[in-house]
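A look at the structure
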Amino acid sequence: CTIDWFFPWPEEGLIAVAGQQLADIGLEETLQKSVIDQCMQFQVRTQVMSARYQSEVNRFNYVTPTSYLELISTFKSLLNVKKEEVGSAKSRYEVGLGKLLSCAEDVAVMEVELTD
């Protein structure tokens, strides 16, 4: 006999928790609201799929509050990794662009010297 201590959170609760956890990630308000909504949808759909899995296979897959917090934590860490990757790529791009501009100026000076 297994006692199921886990009750699904209401959608408003999921949104509130995600909003509090994701308040400091530095996204635009509309984008942040979309991210919060997607987190809520992931949790709700996972609960539905777990119930379906239980009815079809008669095996349990627990979807807990910890699962939801882990989803949010994983999103935040992945977002930070991607921000670093994009920042690094931007920096390399800016350095390369600076080199191209410098070379263009050097070529212009050389053209003037050669024509004189």
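Refer to the structure presented above.
Residues numbered from 1 in each chain as written. Predicted model: local features only at pLDDT ≥ 70, side-chain atom pairs only at ≥ 80, totals over all residues. Heavy atoms only, no water.

Remarks on the environment of Q21
We apply this condition: Helix and strand assignments follow DSSP, with helices taken as H or I runs no shorter than four residues and strands as E runs no shorter than two, numbered in order from the N terminus. A 1.4 Å probe rolled over the protein chains alone gives each residue an accessible area, and that area as a share of the maximum for its type sets the label: buried under 20%, exposed over 50%, partly exposed in between. Here, residues are in contact when the closest pair of their heavy atoms is within 4.5 Å.
Structurally, Q21 is set in helix α1 (residues 11-21). Judged by relative accessible area, Q21 falls into the partly exposed class, the value being 28%. Taking the C-alpha atoms as reference, Q21 lies 14 Å from N80; in sequence the two are 59 residues apart. Once you skip the residues sitting within four places of it in the chain, Q21 turns out to touch L69, I72 and K76.

Focus: unusual backbone geometry
Here N58, not a glycine, exhibits a phi torsion of approximately 60°, which is positive. N58 gets classed as exposed once you look at its relative accessible area, which sits at 60%.

As for helix α2 (residues 29-57)
Operational definition: Multiplying 1.5 Å by the helix residue count minus one yields the expected span of that helix.
Helix length check: α2 (29 residues) gives 41 Å between terminal C-alpha atoms against 42 Å at 1.5 Å per residue, within 8%. Contact partners of the buried residues in α2: α1 and α3 (65-115). One or two positions beyond α2, positive phi appears at N58, with a value near 60°.

A closer look at the packing of α1 against α3
Selection criterion: Where helices are involved, their axes are fitted lines through C-alpha atoms of the stretch in contact, as for all axes, and angles between N-to-C directions lie from 0 to 180°. Handedness of a crossing is defined here by the sense of rotation of the near helix relative to the far one, left-handed for an anticlockwise turn of less than a right angle and right-handed for a clockwise turn.
At a minimum axis separation of 11 Å, α1 and α3 run at an interaxial angle of 35°. Seen along the crossing, α1 lies across α3 with a hand that is right-handed. Of α3, the residues touching α1 (which contributes L14, I15, V17, A18 and Q21) are Y68, L69, I72 and K76.

Details of the packing of aromatic side chains
Test applied: Ring pairs shown here join Phe, Tyr and Trp side chains whose ring centres sit within 6.5 Å, with only the six-membered ring taken for Trp; geometry is labelled stacked below 30 degrees between planes, edge-to-face above 60, and tilted in between.
Overall, the coordinates contain two aromatic pairs when judged by the stated rule. Centre to centre, the rings of W9 and Y68 are 6.0 Å apart; their planes meet at 75°, and the pair counts as edge-to-face. Here W9 is found in the segment before α1, whereas its partner Y68 is found in helix α3, with 59 residues between them in sequence. When its relative accessible area of 29% is taken as the criterion, W9 is described as partly exposed. By relative accessible area, which is 0% here, Y68 ends up buried. Here the aromatic rings of F60 and Y62 are separated by 5.7 Å at their centres, their planes lie at 5°, and the arrangement is stacked. Look at Y62 and you get partly exposed, because its relative accessible area is 34%.

Any functional reading would require information beyond the geometric quantities listed.
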